[in-house]
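Chain by chain, the residues run as shown.
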Amino acid sequence: MENIERDTLEVDVLFVGAGPASLAGAFHLRQLINKHNEEHNNALGELTIAVIEKGREVGSHMISGAVMDARPLTELMPDWKERGAPVESEVTEEDVSYLTKTRKIKSPIIPPPLNNHGKYVVSLNKLIRWMAPIVEESDVMLIPEFPGASLLFDDAGKVIGVRTGDKGIGKDGEPKDNFQPGADIFAKVTVLGEGSRGSLTKKLVEKLGLDEGKNPQVYAVGVKEIWELPKGRVTPGFVMHTLGYPLPNDVFGGGFVYGMQNDLLDIGLVVGLDYQDPFTDPHRLFNEFKQHPAIAAMLEGGKMLHYGAKTIPEGGLLSQPKYYGDGFLIVGDSASFLNSQKLKGIHMAMKSGMLAAETIFEALLADKFDEAQLKAFDAKVKASYIHKELHEVRNFHQAFRHGRIWGLIESGFQVPTKGFGLLGDIHVEAGHQHMKKQHYYNRWPKQAGEFIQAEPAKCDNKLTFEKVSDVFRSGTEHDEDQPPHLKVLDTNICIERCTVEYGNPCQYFCPAAVYEPEEVEGGRRPKINFSNCVHCKTCDIMDPYQIIDWVTPEGGGGPNYINL
Ligand code: SF4
């Protein structure tokens, strides 16, 4: 719909995606501008800062049950405790364990990288829902239900804003009665804080080659639930991390359990998206994790309340794209600001947003928004504690490329050598390139037209749940009368090649039962139940042919996460 008239909006600074990076950035920028205007007779004048968000509310797509390093929050809002920030508890008790199928072996010491003393158990979802009104009151426009559909460029190729998604297009691609074209929002600087595998960021990185000379980004997916347990059973601030069962040796990842307030327990499993077996199913593995005797005993008598899934960019420093350019900056998960060793990204996201704000503030003073000016962001990042932290864990995820045992040895050497390890910087391939064809696992269709299928998961609906019942507890909704936001670029590949070569792994790696095998003339292809999609982006990352393109659906669609 190129030639339709669109509303336009001009702002000075536009943040895309209302996560911790953008909210911290927008709030900090407003404070810097206000202070300058107070001290210099309103020299910068009235400036507009806007944050657009695809979710139905700010916070509804936020998911990270987390142990947070509060440094940036304290820098941003020194009185966050008095303002009632919804932290669950300071970390009170820690447990690092190795799981075999039936046993839990507790480490006698907490390895230093996993020591969370002085950190806080939080729900990012609650934190962002708490921050949003504070940021809005500081005179930042928060605009939910506005997904960024495409970036706007001027003739010289400079980013000049974002076109938001159209509303009211039917599944046949035709406008409906309620059709409303998306708006063009123009800004002097556009800050992409879209989270993991941001859809605009992905296109921009490709277009400008921002990842040239870098490792491809590598990811994991976290699948989690919130449980309510009998009164008094949960210790707020309890933090447990596990290695081992149910993940095979060649799959990166581990489990986590965090104690929250009000008898809630946050439990999940992280699975590296560089596994080899195409039948790997992170959701199914999570069910197996919960069935481990030690974990099942924790959940005994409890009730599952909420579910969600999210990918985690794990590549760190060596996978960071160039995060500045003409008219734009990239922050948070979108720019790989995440410590994969400590499984912590909130503080990095916030700090990167704040450093972006300081860069933009200087750009506003200079009235210059080109790459030469915005490059200052890089120097600020490099001088900050987030860069030092990323540098020390730069090879962590890559160390596990030959499996868990080698990974533990190699990452162990990285601690005293400040990230160097045994071999220096490790270069890896994108995760989907690790996937082996199903024949490697001795899965051979016996006759033409026969499809190999994993045994369906058996769930008891008490401890273990099928994907669709879990999705129900994520609050996910999309208007079904719209074009699917999962674009399979060549369905012939699904029918002719993927069925035979990989056995349609999308049906396994998607944690929300979006892809359902359907027999069609000449073979099988996935039917796409896009309304189940929890926006985790696993399919965009892990599809072996890279033919799934996740784009933003109509504004307001997606999960409605609570407490996650
Ligand atoms: Fe995640 Fe893709 Fe499934 Fe949506 S369709 S839930 S983005 S894997």
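Look a little higher up for the structure.
Let me sum up the structure you'll find in this document. (Residues numbered from 1 in each chain as written. Predicted model: local features only at pLDDT ≥ 70, side-chain atom pairs only at ≥ 80, totals over all residues. Heavy atoms only, no water.)

### A closer look at the packing of helix H1 (residues 20-39) against helix H3 (residues 124-137)
Selection rule: Lines fitted to C-alpha atoms define the axes here, with helix axes fitted over just the stretch in contact, and angles between the N-to-C directions of these axes take values from 0 to 180 degrees. Under the DSSP-based scheme used, a helix requires at least four consecutive residues in state H or I and a strand at least two consecutive residues in state E, with every element numbered from the N terminus. Roughly parallel means an angle under 35 degrees; roughly antiparallel, over 145; roughly perpendicular, 65 to 115; everything else is oblique. A clockwise turn of the near helix away from the far one marks a right-handed crossing, whereas an anticlockwise turn of less than a right angle marks a left-handed crossing. Throughout, a contact is declared for two residues whenever any of their heavy atoms are within 4.5 Å. Charged residues are taken to be Asp, Glu, Lys and Arg, nonpolar residues to be Ala, Val, Leu, Ile, Met, Phe, Trp, Tyr, Cys and Pro, and polar residues to be all remaining types, Gly included.
Running from amino to carboxyl end, H1 crosses H3 at an angle of 25 degrees, the nearest separation of the two axes being 10 Å. By the angle class used here, H1 and H3 are roughly parallel. Note on packing geometry: the crossing formed by H1 with H3 is left-handed. Contact residues: Pro20, Leu23, Ala24 and Phe27 in H1; Leu124, Ile128, Met131, Ala132, Ile134 and Val135 in H3. Split into classes, the residues belonging to the contact of H1 with H3 amount to ten nonpolar, no polar and no charged.

### Things to note about the sheet that holds strand S22 (residues 328-330)
To summarise the sheet geometry, strands pair through backbone hydrogen bonds and adopt either a parallel or an antiparallel arrangement. Our working rule: When DSSP locates at least two bridges between a pair of strands, those strands are taken to pair.
With mixed pairing, the six strands of this open sheet are ordered in space as S9-S3-S2-S15-S22-S21. Two strands bound the open sheet, and with one partner strand each, they are strand S9 (141-143) and strand S21 (324-325).

### Focus on the packing of aromatic side chains
As a reminder of what qualifies: Each Phe, Tyr or Trp ring (for Trp, its six-membered ring) is paired with any other whose centre lies within 6.5 Å, and the angle between the two planes then decides the class: stacked below 30 degrees, edge-to-face above 60, tilted in between. Remark: exposure states derive from per-residue accessible area (1.4 Å probe, protein chains only) relative to the maximum for the residue type, with buried under 20%, exposed over 50%, and partly exposed in between. Only Lys NZ and Arg CZ are tested; either one counts as a charge over a ring when it is within 6 Å of the ring centre and within 35 degrees of the ring normal.
Evaluation of the coordinates by the stated rule reveals twelve aromatic pairs. Taking the centre distance of 5.2 Å and the plane angle of 25 degrees together, the rings of Phe256 and Tyr258 count as stacked. Assigned by exposure class, Phe256 and Tyr258 land together as buried. Ring centres of Tyr323 and Phe377 lie 5.1 Å apart, and the angle between their planes is 70 degrees; this geometry places the pair in the edge-to-face category. In this pair, Tyr323 sits in the loop between strand S20 (303-313) and S21 while Phe377 sits in helix H9 (residues 376-382), placing the two residues 54 residues apart along the sequence. Here the two residues Tyr323 and Phe377 agree in accessibility, since each one is buried. Grouped by ring-pair contacts, the aromatic residues Tyr323, Tyr324, Phe337 and Phe377 constitute a single cluster. The side chain of Lys436 reaches across the aromatic face of Tyr440, ending 4.8 Å from its centre. Directly above the ring of Phe279 sits Arg443, whose terminal nitrogen or CZ lies 3.9 Å from the centroid.

### So, the pattern of salt bridges
Using the following cut-off: Salt bridge criterion: a side-chain nitrogen from Lys or Arg within 4 Å of a carboxyl oxygen from Asp or Glu.
Inspection of every chain in the model, using the stated rule, returns 35 salt bridges. Here Arg443 makes a salt bridge to Asp277, at a shortest N to O gap of 2.9 Å. A residue pair is termed long-range when its members are at least 10 positions apart, and Arg443 in the loop between helix H11 (404-414) and helix H12 (467-472) and Asp277 in the loop between strand S19 (264-272) and helix H5 (282-291) qualify at 166 residues. Residue Arg443 is classed as buried on the basis of its relative accessible area, which comes to 16%. For the salt bridge of Lys380 with Glu362, the shortest nitrogen-to-oxygen distance reads 2.7 Å. Highlighted residues: Lys380 in helix H9 and Glu362 in helix H7 (residues 346-366), separated in sequence by 18 residues. Through salt bridges with shared partners, a single ionic network connects Arg197, Lys202, Lys203, Asp540 and Asp549.

As far as function goes, none of this settles anything; it's purely spatial.
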